[in-house]
Structures are given as structure tokens and as C-alpha cells.
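# Coordinates in review
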Amino acid sequence: MKRNKIAAFTAVVLAISLFAGCGKDTAVDTNTEEGNAGAESVSTEGSNGEGGMVSEENTLPIVEPGTLELTYAGADNWYTPASYSQNLEVWQEVEKRTGIKINWEVMPSDQYNAAMQTRIAAGSNLPDILAVPPLWNGDVVKYAEDGVILPLKDLIEQNAPNIMKMFEEYPIVRKVLTAPDGEIYNLAEVFVEGNEVAPKSLIIRKDWLDKLGLDIPETLDDWYSVMKAFKEQDPNGNGIADEIPFTLNDGSAYNYLASAFGLTAGTGEFYADEQGNVQYLYSSPEYKELITFLHKLYSEGLIDPQYSTNGDEAKVDAMVSKDLVGISVHFAGVDERWNKLVPGAEYVLVKPPVGPDGEQPKLVKRAPTGMQFALSKDCKDPVAAIRWIDYIWASDEGVILTHFGIEGKTFEYDENGRPKFTEWVTDNPDGLDAFSALRSLGAFPSLFDNQTKEFMSQSVTQKTLDACEALMPCIVEDFPSVIATADEADRLLFLQADMATYTKEMIQKFIMGTESLDNYDSFLKQLETMGLSEVLEIKQTQYDRYKQS
């Protein structure tokens, strides 16, 4: 790779970000020449991480090729036919450039949590680098206090110039990753720029709407009428009433209808009201109204009866591929994958239902960071490991490689030095959508994802980008992800384990009708006896701490 290409690409991406109004608290722009600190070089003074501040310029390879192997454990590739354990092309190139061979201990995400938590409990033979279980909300401070994972702050400051530049340019990332004691115990997926391009919302079969002479639904009554029509009027044209009007890729995606009741579509179980008071979603009268409506949908066969077990992406994809699914919930770009699965399908991303008085719906914004990653106590070379992460996660060259893929195959540089996808990605010969095509080679990974705006905007069609732009006025910030203290983590784990199981079971029973909605108040009272008030107090403390930091 030539530095003039990186510099030119940097200038364009920076201009795009500034034009889009991305302030330091709302976007992570890793594509800066300074942030790269010599993208083709990632080295430090000395190999033990000692000796003061980070070197401003590093060199590749990180180690002499063939001298170091590190083990990574985490969720496998989101494109299931291509496991990272198959030595995928992108990671072959990463090894060639860094000198570090990665041994992959990967498995489906729904299996990983239990497997890794068992290993952590045993306390031995841990991988060098791991996704922190449970995925997306692991208790990193507790693991650190237990000596399972290593503190990273000094390692980063002394050995990771690209990560330091990211923190300096976009302090929201460092803020989210900093524990209450000021230490950093984990790094994470970064979605800040990706959120500017690819939100999550309801996705609907517009071709079915067109066939039945229906408009894109706006009000809750519209959504109900569309689901009824999808069930009763045979939009897939096979003469069988087999359509599934509404299915979900996870057990809580029905919350994307919550906007019709004045709540934020897609909100999690905790949120802060306008006064800054933390509230529990299921305690609100509006949520009971939503559950009542969902029960109506379920009783009339408008919700997939197996919705509660659809956490597996492949399961939903299989239903889509059989031309059965009318409405679901997912991120922008998945609509294009589904269109590839069904010839002639036109899945489109649309706004959630308008509010009770017709006001514009509110749609939750994805958190700035996601799945967490750490170095274990058994990491054989923490300095090399953090430098490897610095390269793949935060350097210009590394982010381009791990996301755009292989130059000459998946992308080329244009006259301005910007990476542009080839037709192999945009019109894949095997009929894969862009995400799947890239992931078949190991790009757009499930580990250390860093979704730049440039990458995400090229990964979807202009039609999808237009749909995303229409959603932007609806989007509001989510309840922040706050790192718990060890005491908070212990207490929340004790209180919420049973609460979470009980809540999930009861919500499903209310929706399916095996528990009468007349008992909803009794459900809330039981949550109180299980410690809901204390949980809210802890969440309030965390929220206040976050706002003051």
C-alpha cells in the first residue's frame, strides 16, 4: 500500500465527516494520517511496553514471522459458511503484514457465552484475546478484579498510537470504555460512524404491498391492516396461507412497534425520561398497551408463533428464503441480503409507527460501541497483542484491510486514493449481498469491527441509503452503556439473573395468552419483590456518573 493513497483517502473521509456534521462526540474517524501514525508501520521502542509514552511511528511486522502465535476466542463469522478457522483470505493477509499467526477458537454466538464462562470459572488455559462473555454486556471490572483479564490503559498509551489517536479525536469512545476507577479493561466494536449511515428499524416487503395495492404503513392501525392482508391475501402467490406477517430476529424486536404508544422504538429495558430519571420499560403503562396489542397480533396468527426462538440469523434467513416473511426488524443492509434470497423481493427499511397523536416516531440509536474484547491473564505477549489490535482496529491500513478486504479483488483505489468496492462485492458472481461477499473472505468481521462511514455507505445501495436518510430525523440516543463497578456488577448479577428470566417468561406468556393480561400488575409487584427498586437505584447511579464524566 502506498502512503499517498492513504493520505488522499484520509482527506476525503475527513471532508465527508465534517460535511455531515459529525462532532467529536458522535463519530469515530480512524481514517486520519495522524491517527495512522505510519499505517504501514506499527512498532514500539522495546518489546515489553516499558519506557514511557507511545512511539509516534511503528513498523510492521510486529514480530518476526513465525515467532508468535496468539489465540483468539469469540463469536465466529456472521456469514456462517466461512468460519475464521478456515484461514480466510483477509486474515492470511493480516498475518503476512503483522507476523502474528492467530489460532481461532470460534463458535456460534449463542454457544460462546456458556463455553467461555465455563473456561473463565476454571481459571486456566484461557485464550490470549477473547470476546468478553456474555457478549455485549460482560462484567469487565469484575473479571479484572478477579484477575481474569488485564488492565489495558498503560499498554495502550505505550504501544498503540492509533488507538490513542482515536481516543483523542473522539473522546466518546474512550469515555464508554473507561471503568469507574479510570482504568481501561476492554476494547470494543465501534459503530459511531456506522450509526450515521446504517440504523436499525422495521423492514417490510414493499413488493407485497404493491401487489395488494397497499401503502407503506404509518399508524398502528395501518400496520395491523397490512399484517392482516399479508396473512389473508396470499401475497407470495403460492395459493397457500403460509405467509408469516411479522417475524423477529431476536426475542425483543417487537419493541420497534413501541413508538405507536409514545415510547421509543427499539428501546431497551432501561431508559431515562426527560427529567433524567431512569425508568424500567416494563413498568410503564404504555408498555402494557404494547403487550396488549402484541397479544392481539399473536392470537390472530400475525406474529410468527416461533418468534421467541429466532435468535439465530440463519433461521430467519431460511424463512425469508422460502418467501414467507412480510415484516421483520434489522439493520440497513440486511434488507439487501434478503432481497438476494428471494428473486423479485423488495425488502425496504421503513419508519416505525407514528405516535398516538400522529407525531413523528422516535427510533433508538445504536450504542456507540458493542461487543467487548480483552486480553486474558494467560496472554503470552500483551504488548504484541495490543499492537495487533491497534493495527486491525484503529490504523487506516488495518481498518481498510479488515473491512474493505483484498485490494484488487474486493476493492480498488480511485484517482483520489479512496477505496472503492469492485463488482465482486457490489454484483457478486455467486449472488451474495455485499456484506456476505466480504465476510466470505473474512472482511467486515465479528471481531474488532470499526464501521467507518465510508465503508458503510459503500456497502449498501443508494436506495437503502435514501431509506436510512429518511429515518435519521427519528433517531434519538439510547440509554448509555455504562461499565459497572465490581460491587455494582455483583449486585446486578445477583438481582437481575432471576428478574431477566422471569420477565422474559412472563412477557412471552402475556403475548401468547397463556397468562392473562389482568395479571400484569401482579407481574410488576413480583419484580419489586425481586429487587427492581434496587436495580433502578444502581442504574440511576451509573447514569448520573456517565453524564458527569
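This section reports on the structure supplied with the text. Throughout this description, residue numbers start from 1 for each chain and increase along the sequence as written. Owing to the predicted nature of the model, reporting of local features is limited to residues with pLDDT of at least 70; listing and counting of side-chain atom pairs is limited to 80 or more, with chain, interface and lining totals taken over all residues. Here the side-chain values reflect all heavy atoms present in the structure, with hydrogen atoms and water set aside.

### Structural notes on the sheet that holds strand β2 (residues 100-107)
- Two strands are said to pair when DSSP picks up at least two bridges between them. Counting from the N terminus, the helices are DSSP H or I runs at least four residues long and the strands are E runs at least two residues long. Ordered by their spatial adjacency, five strands build an open sheet running β2-β1-β3-β12-β4, and the pairing between neighbours is mixed. The sheet is open, and its two borders are formed by β2 and β4 (187-190), each paired with just one other strand. On average, each strand axis in the sheet is inclined to that of its neighbour by 25 degrees, with strand direction left out of account.
- Note on contacts: a residue pair qualifies if any of its non-hydrogen atoms lie within 4.5 Å across the two residues. Lines fitted to C-alpha atoms define the axes, with helix axes restricted to the stretch in contact, and inter-axis angles between N-to-C directions lie between 0 and 180 degrees. Contacts between helix α14 (residues 382-394) and the sheet are confined to β1 (68-75), β2, β3 (129-131), β4 and β12 (369-375), with β4 contributing the most and set at about 10 degrees to the helix.

### Examining the nonpolar core
- Residues Leu187, Trp388 and Trp393 are the most contacted members of the largest nonpolar core, which totals 177 residues.
- Per-element tally for this core: the top contributor is α14, with 10 residues. By nonpolar core is meant a set of buried Ala, Val, Leu, Ile, Met, Phe, Trp, Tyr and Cys residues that side-chain atoms within 4.5 Å join together. Partly exposed residues are those whose accessible area sits between 20% and 50% of the maximum for their type, while under 20% is buried and over 50% is exposed, using a 1.4 Å probe and protein chains only.

### Overview of the packing of α14 against helix α15 (residues 396-404)
- For the pair α14 and α15, interaxial distance at closest approach is 5 Å and the crossing angle is 65 degrees. Here α14 lies roughly perpendicular to α15, going by the angle between them. Judged by residue contacts, Tyr391, Ile392, Trp393 and Ala394 of α14 engage Asp396, Glu397, Gly398, Val399, Leu401 and Thr402 from α15.
- All amino acids are sorted into three groups, where Ala, Val, Leu, Ile, Met, Phe, Trp, Tyr, Cys and Pro are nonpolar, Asp, Glu, Lys and Arg are charged, and the leftover types, Gly among them, are polar. Broken down by class, the residue content of the contact of α14 with α15 amounts to six nonpolar, two polar and two charged. Orientation categories follow fixed angle ranges, with anything under 35 degrees roughly parallel, anything over 145 roughly antiparallel, 65 to 115 roughly perpendicular, and all other angles oblique.

### Concerning the packing of aromatic side chains
- Centre distance within 6.5 Å is the pairing criterion for rings of Phe, Tyr and Trp, where only the six-membered ring of Trp is used; planes under 30 degrees apart are then read as stacked, over 60 as edge-to-face, and the remainder as tilted. A complete count under the given rule lists 26 aromatic pairs for this structure.
- The interplanar angle of 80 degrees and the centroid separation of 6.4 Å between the aromatic rings of tyrosine 84 and tryptophan 91 together place this pair among those described as edge-to-face. Each member of the pair tyrosine 84 and tryptophan 91 is classed as buried.
- With centroids separated by 5.3 Å and ring planes inclined at 75 degrees, the aromatic side chains of tryptophan 91 and tryptophan 104 adopt a geometry described as edge-to-face. Remark: tryptophan 104 occurs in strand β2 and tryptophan 91 occurs in helix α3 (residues 89-98); sequence separation between them is 13 residues.
- What makes tryptophan 104 buried here is its relative accessible area of 16%.
- Each residue in the set Tyr72, Tyr84, Trp91, Trp104, Phe373, Trp388, Trp393 and Phe448 is aromatic and connected to the rest through ring pairs, giving one cluster.
- Counting as a charge over the ring demands two things of the Lys NZ or Arg CZ atom: a distance within 6 Å of the ring centre and an angle within 35 degrees of the ring normal. Geometry around tyrosine 546 places lysine 175 over its ring, the cationic atom sitting 4.2 Å from the centre.

### Some points on the sheet that holds strand β6 (residues 244-246)
- In spatial order, the strands read β6-β9-β5-β10; together these four strands make up an open sheet with mixed pairing. Looking at strand neighbours, the two that pair on one side only are β6 and β10 (347-350), the edges of this open sheet. Sheet twist, expressed as the average angle between the axes of neighbouring strands with direction ignored, equals 35 degrees.
- Direction of pairing for β6 relative to strand β9 (residues 325-331): parallel, over a ladder of two bridges. Paired with isoleucine 244 across the bridge in β9 is valine 325.

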